Amino acid sequence: SGAVTKPLQPAFKIEGTTETGVANNGTCFAAGTTEEYDLSGDFNTSTGIFTAPVAGVYLFNFSLAWISVTSDGAQVWESRFVADNGAISGTRWNAVEDYTMQGGVFKELATATQYMDASDTIYIQRRGETGTITLMDSGEQCYFSGHLVA
């Protein structure tokens, strides 16, 4: 059939399966997660960090569903990919009033390509005002995935 399979091709998908608070400057997916798959074992579920096993261009995606804001007034934050080579990509700035969050869900999606050398790392960071925001316990709504494309 001409299909080419690469069983050790770097690819992962991590899902949020437990409601998890993420503080200012905190790393998303460092707790309360389940590996849907991690073909080459390069995602650390205790830190929320992916380490590139080989140099190349990677495609990353995240979906975050926030279900609470624990500080008064408006919250302004960003969720972003942070690579250890200094690159920041897929930044999503958000400004949300507390009343928007009461009983509701605020969803963020981002996709980015990133050149990474072997041993470079990338993770998703929440930055912004003080306080903690809670990620929903849903693998369909909260996930971080990536794979080598070139």
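Structure: see above.
Residues numbered from 1 in each chain as written. Predicted model: local features only at pLDDT ≥ 70, side-chain atom pairs only at ≥ 80, totals over all residues. Heavy atoms only, no water.

Right, let's talk about the pattern of salt bridges for a bit. Inspection of the entire model under this criterion finds one salt bridge. The partner of Lys 13 in a salt bridge is Glu 15, with the nearest N and O atoms 3.5 Å apart. Classification of Lys 13 by relative accessible area gives partly exposed; the value is 22%. (Salt bridge = Lys/Arg side-chain N within 4 Å of Asp/Glu carboxyl O. Buried < 20%, exposed > 50% of the residue type's maximum accessible area, 1.4 Å probe, protein only.)

Looking along a regular strand, one sees the side chains alternate between the two faces of the sheet. Where burial is concerned, the two faces of strand 2 (residues 20–23) differ: the one with Thr 20 and Val 22 is buried and the one with Gly 21 and Ala 23 is not. Bridging between strand 2 and strand 12 (residues 132–135) involves four bridges; their strand directions are antiparallel. Considered in strand 12, the bridge of Val 22 is made with Ile 133. (Helix = DSSP H or I, 4+ residues; strand = E, 2+ residues; numbered from the N terminus. Pairing = 2+ DSSP bridges.)

Moving on, we get to the state of the cysteines. Within the structure shown, the criterion is met by zero disulfides. Cys 28 carries a free sulfur, and the closest cysteine sulfur to it, the one in Cys 142, is 8.8 Å from it. Overall, the relative accessible area of 0% leaves Cys 142 in the buried class. (Disulfide = S-S within 2.5 Å.)

Attention now moves to the side chain of Ser 63. Tracing the backbone through its elements, the reader meets Ser 63 in strand 7 (residues 56–69). Here the side chain of Ser 63 touches Gln 141 through a polar contact of 2.6 Å, landing on its backbone oxygen. (Polar contact = N/O pair within 3.5 Å; in protein donor to acceptor, adjacent residues only side chain to side chain.)

A few words now on unusual backbone geometry. The phi dihedral of Asn 25 is positive, around 65 degrees, even though this residue is not glycine. Relative to the helices and strands, Asn 25 resides in the loop between strand 2 and strand 3 (26–28). The class of Asn 25 is partly exposed, set by a relative accessible area of 45%. Residue Ser 119 is not a glycine yet carries a positive backbone phi of 80 degrees.

Quick look at empty space enclosed by the protein now. Within the structure shown, the criterion is met by one cavity of 30 Å³ or more. By volume, the largest cavity amounts to about 50 Å³. Every residue along the wall of the largest cavity is listed here: Gly 16, Thr 17, Thr 18, Thr 20, Phe 29, Ala 31, Gly 32, Thr 33, Leu 135, Met 136 and Cys 142. (1 Å grid on protein atoms, 1.4 Å probe; cavity = no way out; pocket = protein on both sides within 12 Å on 5 of 7 lines; lining within 4 Å. Points joined across faces, edges and corners; volume = space filled by probe spheres on them.)

The next point concerns the nonpolar core. Residues Phe 29, Phe 50, Phe 60, Phe 81 and Phe 144 are the most contacted members of the largest nonpolar core, which totals 27 residues. No other element matches the six residues that strand 7 contributes to this core. (Core = buried A, V, L, I, M, F, W, Y, C linked by side-chain atoms within 4.5 Å.)

Okay, the pairing of strand 11 (residues 121–128) next. Within strand 11, six of the eight residues are buried, which leaves the element mostly enclosed by the surrounding structure. By the bridge criterion, three bridges tie strand 3 to strand 11 in an arrangement that is antiparallel. Its bridge partner being in strand 11, Gly 26 is matched across the sheet by Arg 126. Strand direction decides the pairing type here: strand 6 (residues 49–51) and strand 11, joined by two bridges, are antiparallel.

Okay, the packing of aromatic side chains next. Applying the stated criterion to the full structure yields 10 aromatic pairs. Aromatic pair Phe 50 and Tyr 58: ring centres 5.6 Å apart, planes at 65 degrees, arrangement edge-to-face. With a relative accessible area of 1%, Phe 50 lands in the buried category. On the accessibility criterion, Tyr 58 (0% relative accessible area) is buried. (Phe/Tyr/Trp six-rings, centres within 6.5 Å; stacked < 30°, edge-to-face > 60°.)

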